[in-house]
Amino acid sequence: MRIASGKVAFIHYTVTEDGSGQLLETTGEGDPLGYLHGRGQILPALEAALEGKSTGDSFVIIVPPEFAYGAHDGAKVFVVERSQISALADVRPGVQLQAEARNGLQTATVVKVEGDQVTMDTNHPLAGKSLRFEGVVHGVRDATPEEIQHGHAHGPAGEHY
Ligand code: ZN
């Protein structure tokens, strides 16, 4: 059976940053990811690459930032004083904090801490990155009427989680 609209596909995959090879996400030794094909449940570029594949087929695609999480926007990087952040917060590079912005709460990643100056970035952590998806199709089956109605995949045999 081939992956097409109306099929539920199960894939094992690993996402790395193209170039550096930094591991970003993987299904690893866990359960494969199940999704309903043709409903935009996964990145469109990945969905397009999987179209027509069947169990055991492997795939490798590189998705540039504009088709993944967008370009990195320098306007979303700003500096605040440490005293403006909760004293309880663990402020060091890589930590994500909730920051109050004009349009409500936003997730900000701490980029740099220099004395009292904390540089924060509200871009998506994967913004500006080319992503390399590599994986294998674990299984393909027909979607159940319930899955079609819900617009998403349920369990391996169609059972609702
Ligand atoms: Zn459902």
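Everything quoted here is computed from the prediction, not taken from an experiment. (Residues numbered from 1 in each chain as written. Predicted model: local features only at pLDDT ≥ 70, side-chain atom pairs only at ≥ 80, totals over all residues. Heavy atoms only, no water.)

Caption draft 1: Region of interest: the overall build of the chain. Secondary structure summary: the chain contains two helices and nine strands in total. Ordered by position from N to C terminus, the α and β elements of the chain give β-β-β-α-β-β-β-β-β-β-α. By the compact-globule yardstick of 15 Å for 161 residues, the chain is too spread out, its C-alpha radius of gyration being 20 Å. Principal-axis analysis of the C-alpha atoms places the extent of the chain at approximately 60 × 35 × 30 Å. Counting every position in the chain, which comprises 161 residues, the buried fraction comes to 37%. For the chain, the accessible area works out to roughly 9300 Å², and carbon and sulfur atoms hold 51% of it. Placing the 12 positive and 21 negative side-chain charges of the chain at their respective mean positions leaves the two points 2 Å apart. (Helix = DSSP H or I, 4+ residues; strand = E, 2+ residues; numbered from the N terminus. Rg over C-alpha atoms; globule rule 2.2 N^0.38 Å. Buried < 20%, exposed > 50% of the residue type's maximum accessible area, 1.4 Å probe, protein only. Areas by Shrake-Rupley, 256 points an atom, 1.4 Å probe, with all protein chains shown as cover. Lys, Arg positive; Asp, Glu negative; His and termini not counted. Charge placed at Lys NZ, Arg CZ, Asp CG, Glu CD.)

Caption draft 2: Highlighting the side chain of T119. Considering the arrangement of structural elements, one finds T119 in strand β8 (residues 117–121). On the basis of relative accessible area, T119 is assigned to the buried category, the value being 14%. In this structure T119 touches V77, F78, V79, T109, V110, V111 and K112, once residues within four positions along its chain are discounted. (Contact = heavy atoms within 4.5 Å.)

Caption draft 3: Main features of the environment of A68. One can find A68 in the loop between β4 (58–63) and β5 (77–81). Setting aside residues no more than four positions away along its own chain, A68 makes contact with L43, V63 and L131.

Caption draft 4: Spotlight on the pairing of β8. Counting buried positions over the five residues of β8 gives four, a clear majority of the element. Alignment of β5 against β8, held across five bridges, turns out to be antiparallel. Across the sheet, the residue bridging to V80 is V118, located in β8. As judged from the five bridges shared by strand β7 (residues 104–114) and β8, these two strands associate in the antiparallel manner. Bridged to V113 within β8 is V118. What sits between the antiparallel neighbours β7 and β8 is a turn of two residues, in which G115 has the positive phi angle 60°. (Pairing = 2+ DSSP bridges.)

Caption draft 5: Inspection of the nonpolar core at higher detail. Counting 19 residues, the largest nonpolar core has I3, I11, L46, L50 and F133 as its most contacted members. Of all the secondary-structure elements, those providing two or more residues to this core are β1 (7–17), α1 (44–50), β4 and β9 (131–142). Each residue touching L50, except ones within four places of it in the same chain, is listed here: I3, I11, Y35, H37, I42, F59 and V137. In terms of nonpolar packing, the next biggest core, distinct from the first, is built from eleven residues, A89, V91, A108 and V118 among them. (Core = buried A, V, L, I, M, F, W, Y, C linked by side-chain atoms within 4.5 Å.)

Caption draft 6: Region of interest: the side chain of H37. You can see H37 is positioned in the loop between β3 (33–36) and α1. Here E51 takes part through its side chain, which lies 2.9 Å from a polar atom of the side chain of H37. Apart from the residues within four sequence positions on either side, H37 is in contact with I3, A4, S5, G6, K7, E47, L50 and E51. (Polar contact = N/O pair within 3.5 Å; in protein donor to acceptor, adjacent residues only side chain to side chain.)

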